[in-house]
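Listed below are the residues making up each chain.
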Amino acid sequence: MPNSAGKKYNETSSDFYRYDLDFCSFINALEEEMDRMRVIGRDDKRERAILVSASTKPKYELQDSMEELKELALSSDVIVLDTVIQRLKEINSAYLLGEGKLKEIVINAMDKGATLLIFDQDLNPSQIRAIAETTELKVIDRSQLILDIFAGRAHSRDGKVQVELAQLKYMLPRLTGKGTAMSRLMGGIGGRGPGEMKLEIDRRRIRDRISRLQKELEILSEARKQRKHRRVETGIPIVSIIGYTNAGKSTLLNALTKSSTIVEDKMFATLDTASRRLRFPKEREVIITDTVGFIRDLPKDLMAAFKATLEELEDADLLLHIVDISNPRFEQQIESVEKILKELNLSDKQKIMVFSKIDMVSRDEVDNITQRYDAEAVSAINLETLGSLLKAIERYIW
Ligand SMILES: Nc1nc2c(ncn2[C@@H]2O[C@H](COP(=O)(O)OP(=O)(O)OP(=O)(O)O)[C@@H](O)[C@H]2O)c(=O)[nH]1
Ligand SMILES: [Mg+2]
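Now for a description of the structure that goes with this document. The model shown is predicted, which means the values in this text are computed figures rather than measured ones.

## So, the pairing of strand E3 (residues 116-119)
Burial along E3 is two-sided: Leu116 and Ile118 facing one way and Leu117 and Phe119 facing the other are all buried. Sheet analysis places strand E1 (residues 48-55) next to E3, joined by four bridges and oriented parallel. Note on E3: the bridge partner recorded for Ala49 is Leu116. Sheet analysis places E3 next to strand E4 (residues 138-141), joined by four bridges and oriented parallel. The residue of E4 that forms the bridge with Leu117 is Val139. Handedness of the crossover joining E3 and E4 through helix H5 (residues 125-135): right-handed.

The structure is reproduced here in C-alpha cells:
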C-alpha cells in the first residue's frame, strides 16, 4: 500500500494471503477428532439411524412398537444410534411431530453423526419431503423399511418381482418435486432402491415398469397355479406353517423334515415358500410348507404383492400357527397374525397353535400359556418336544 499507515500495518501482522495454515490437514485432524467422539468409524458404510415415533397413542404402545422398529432396523443392517418417542396431543400435519422436537432431533443427529431418520408412523409424501428438507437427512418410514428388508431378501424371480412392484407402487405417489430432498427420499437404505430405476426416473417410466412387472407376475402366477394343481392332484394333505416373523417357522420345518432351509435371527429371513415332505407311520405323508413371516401393519402394497404367494395357503388342509413364546410381545403378535388371516379369508381353516422356543422360558410359564391357548409346545433344540405336535398333526389330518 502506498501510504505509511499501510506499511506499518504490514510490518506488524502477517498478510492474510500468506497465512501459513495447511487447511487440508487441519480439516482432516478435525474430522478425525469428531470420529473419535463417535463410536462408529468413518469407514463403516452402514446407515446410522435415529428412530422416531410420534403419535397420539398411549406411550406404552409407542414403546412396544418402537422395540419392533428397532428389530426391523437391525435386521436391515442399520446402526441404531438413538430412539425418540413423542406422545402428541395433536398431530402436526406438516412434520408429524412438533417443530421444536424436530429441531432437537437435528441437533442430536449432528451430534451423533446420523445419516437417516426412520419413523415408526407412515408419513405422507409431503411430510417426508418437509422433514428431509428441514433436517437434511434421509427420511424413511416403517413401510419403506420393511420394503427395503424384503428387497434385500428376495431370491426367487417371484419374490423379486413382487417386491419391486410393491416398492414402485409405494414410490409413485411420492414422486413429486425435485432436488436433493427427492434423492434422499428415493435412495432407500444404502441406496437399495429398485435397481437401475433409482433416482432420475420419472413417473411415466415407473408406470411402464409397473405394468411390465404385473404382466410378468401373471405369467409367474400361471406357473404357480400349475404347480399347485399338481400338488393338489397328488392328494397329499398340505400343512402350512405360518406365524409372525422370526417366530421360528423355518427352524421348525427343518427340525420336522431334517432339511436345511435358511434360518436367521433376523426378521423376514424367509420370503419364498418352501415345501417338504413329512412322513408319518403307516406309509402316510403330508407336504409341509414354510411361508413369509407376518408383521403388524404390513404395508398395503406389500400385502397385495404377497397375496399371490399367500394364496397358496388356501390349499392348506391345516395351518400351524407358530408363536415365539420367548418374545415379550407374543400376545400382540398372535393378534396381528389372526388379523392378517382374516384379511386373507383364512380364519376358518383348521389350525394348531404351536409355541416355539420353549427352551427360553420357564417350565411353569410354558404350561400356563399352552393351557390358556390350548396349544402345542416345541423347541427346536430339544427334538423330543416334537412328538406331541406330530401326533396332533396326525389327529387333525386323518
Ligand atoms: N432357542 C431357540 N431358538 C430358536 C428356536 N427356534 C428358532 N430359533 C431361533 O429363532 C430365530 C428365527 O428362526 P427362523 O426359523 O428363521 O424364524 P422364521 O419364523 O422362519 O423367521 P422369518 O422367516 O424371518 O419370518 C433363529 O435365530 C433361530 O435359531 C427354538 O426352539 N429355540
Ligand atoms: Mg423363515
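## Some thoughts on the pattern of salt bridges
Throughout the structure, instances matching the rule amount to 16 salt bridges. Salt-bridge contacts for Glu394 lead to Arg284; the nearest nitrogen and oxygen are separated by 2.6 Å. Residue Glu394 is located in helix H14 (residues 386-397), and its partner Arg284 is located in strand E7 (residues 284-290); the two are separated by 110 residues in the primary sequence. The partner of Arg372 in a salt bridge is Glu331, with the nearest N and O atoms 3.1 Å apart. With Arg372 in helix H13 (residues 363-373) and Glu331 in helix H12 (residues 330-343), this pair connects stretches of sequence that are 41 residues apart. Accessibility expressed as a relative area gives 52% for Arg372, which makes it exposed. Linked through salt bridges whose partners overlap, the residues forming this network are Glu68, Asp120, Arg142 and Arg296.

## Side note on the sheet that holds strand E6 (residues 274-280)
Taken together, the six strands give an open sheet; going across it, the order is E6-E7-E5-E8-E9-E10, and neighbouring strands pair in mixed fashion. Bordering the open sheet on either side are E6 and strand E10 (376-377), each of which pairs with just one other strand. In this sheet, strand E8 (residues 318-324) lies alongside strand E5 (residues 238-243) in parallel orientation, the contact comprising five bridges. Its bridge partner lying in E8, Ser240 is registered against Leu319. Lying over the sheet, H14 contacts E5, E6, E7, E8, strand E9 (351-356) and E10, oriented at roughly 175° with respect to E9.

Cut-off values and rules
Residues numbered from 1 in each chain as written. Chains lettered and ligands numbered in written order. Predicted model: local features only at pLDDT ≥ 70, side-chain atom pairs only at ≥ 80, totals over all residues. Heavy atoms only, no water. Buried < 20%, exposed > 50% of the residue type's maximum accessible area, 1.4 Å probe, protein only. Helix = DSSP H or I, 4+ residues; strand = E, 2+ residues; numbered from the N terminus. Pairing = 2+ DSSP bridges. Right-handed = clockwise from strand over helix to strand, strands pointing away. Salt bridge = Lys/Arg side-chain N within 4 Å of Asp/Glu carboxyl O. Contact = heavy atoms within 4.5 Å. Axes fitted to C-alpha atoms, helices over the stretch in contact; angles between N-to-C directions.

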